[in-house]
Amino acid sequence: MKKMFTLRGVSHCGKSSKVKDIANWILANYPHAINHGIDFTKGDILGILQINKLKIGFVSAGDDLDCVLGNDSILEIDGTIDIIVNTCRTKGVSRKHLADNYNFSTGWLIKNIFVTKYDPPNPSLESIRDLKIMEELKSWLTGLEKL
C-alpha cells in the first residue's frame, strides 16, 4: 500500500518549508539517495527522491486545487512512487481532491499532520511545533528502504 503524508494547515503556516526540510534531511542522511527533479532554488518543490528501490515524491505547493494537482502530476511522471509528502489546506476543493482520490479504497494509507498557525506569530511555539512535525516525519521515514 502506498503512503501519503499530508501537512495540513492554513496559508503561511509553514507547510511548504517543512516539506522542503524533510527532503533536505533525506538527502543529508541518505547520501546514496538519487534526486529526480527537485530544485531547491525555486519556491516550491515537486520531484522524487529515490533510496535504493524506494521512491518518495514531494509536492510542497498545496494552497489551491492547481497546486494539489501536483500530486497527480508527480504520479504521471512516475507511477511507481511509494510515498508522497505533500501539503494541503484544511478544507475546500483542494482537500476534497485529496480525500476523493487518495484514500484506502484507492490504495493509499493517509497520515494527516496538522500545522498550527499562531496569530500573532510566536517564534518559540512555532519552533516547538516544527520540531515535533519534523520528528514525526523522520520517524515515519527512517529506515524505509525497499529491498
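1. Side note on a nonpolar patch on the surface
Stage number 1. On the surface, M1, F104 and L109 cluster together to form a nonpolar patch covering roughly 360 Å² of accessible area.
Stage number 2. Mapped onto the elements of the fold, M1 is located in the segment before β1 (2-8).
Stage number 3. Classification of M1 by relative accessible area gives exposed; the value is 54%.

2. Things to note about the nonpolar core
Stage number 1. Ranked by internal contacts, the top residues of the largest apolar core, which has 25 residues, are I22, I26, I56, F58 and V85.
Stage number 2. Secondary structure elements with two or more residues in this core: β1, α1 (15-29), β3 (46-51), β4 (54-59), β5 (83-88) and α5 (123-141).
Stage number 3. Top contributing element to this core by residue count: α1, with 5 residues.
Stage number 4. Counting 12 residues, the second largest nonpolar core, distinct from the first, contains V59, I74, I81 and C88.

3. Description of the environment of T116
Stage number 1. Residue position: T116 is located in the loop between β6 (108-114) and α5.
Stage number 2. Put simply, T116 and K15 are 101 residues apart on the chain and 9.5 Å apart in space, counted from C-alpha to C-alpha.
Stage number 3. Among all residues touching T116, those that are not within four sequence positions of it are C13 and R129.

4. Quick word on the pairing of β4
Stage number 1. Buried residues dominate β4, accounting for 6 of its 6 residues.
Stage number 2. By the alternation rule, side chains of β4 split into L54, I56 and F58 and K55, G57 and V59, which are all buried.
Stage number 3. Summarising the sheet, β3 and β4 pair through 6 bridges and their orientation is antiparallel. Looking across to β4, one finds that L46 is bridged to V59.
Stage number 4. Here β3 folds back onto β4, and the loop between the two strands holds 2 residues, one of which, N52, carries a positive phi near 55 degrees.
Stage number 5. Summarising the sheet, β4 and β5 pair through 4 bridges and their orientation is parallel. Across the sheet, V59 pairs through a bridge with N86, a residue of β5.

Conventions adopted
Counting restarts for each chain, with residues numbered from 1 along the sequence as it is written. It should be noted that, the model being predicted, local features are given only for residues of pLDDT at least 70 and side-chain atom pairs only at 80 or more, the latter also being counted only at that level, while totals for whole chains, interfaces and linings use all residues. Excluded from the side-chain calculation are hydrogens and water; included are all heavy atoms of the structure. Patch members must show over 30% relative accessible area and no salt bridge, and they are joined within 9 Å when carrying like charges or within 5 Å when they are nonpolar side chains of Val, Leu, Ile, Met, Phe, Trp or Tyr. A 1.4 Å probe and the Shrake-Rupley method give the accessible areas. Residues count as covered only by the protein chains that appear here. What makes a salt bridge here is a side-chain nitrogen of Lys or Arg within 4 Å of a carboxyl oxygen of Asp or Glu, nothing more. Only runs of H or I of at least four residues qualify as helices and only runs of E of at least two qualify as strands under DSSP, and these elements are numbered from the N terminus. Here's how the labels work: a residue is buried when its accessible area is under 20% of the maximum for its type, exposed when over 50%, partly exposed in between, all with a 1.4 Å probe on protein chains only. Buried residues of nine kinds, namely Ala, Val, Leu, Ile, Met, Phe, Trp, Tyr and Cys, make up a nonpolar core once their side-chain atoms join them within 4.5 Å. What makes two residues a contact is simply this: any of their non-hydrogen atoms within 4.5 Å. Strands qualify as paired when DSSP identifies two bridges or more between them.

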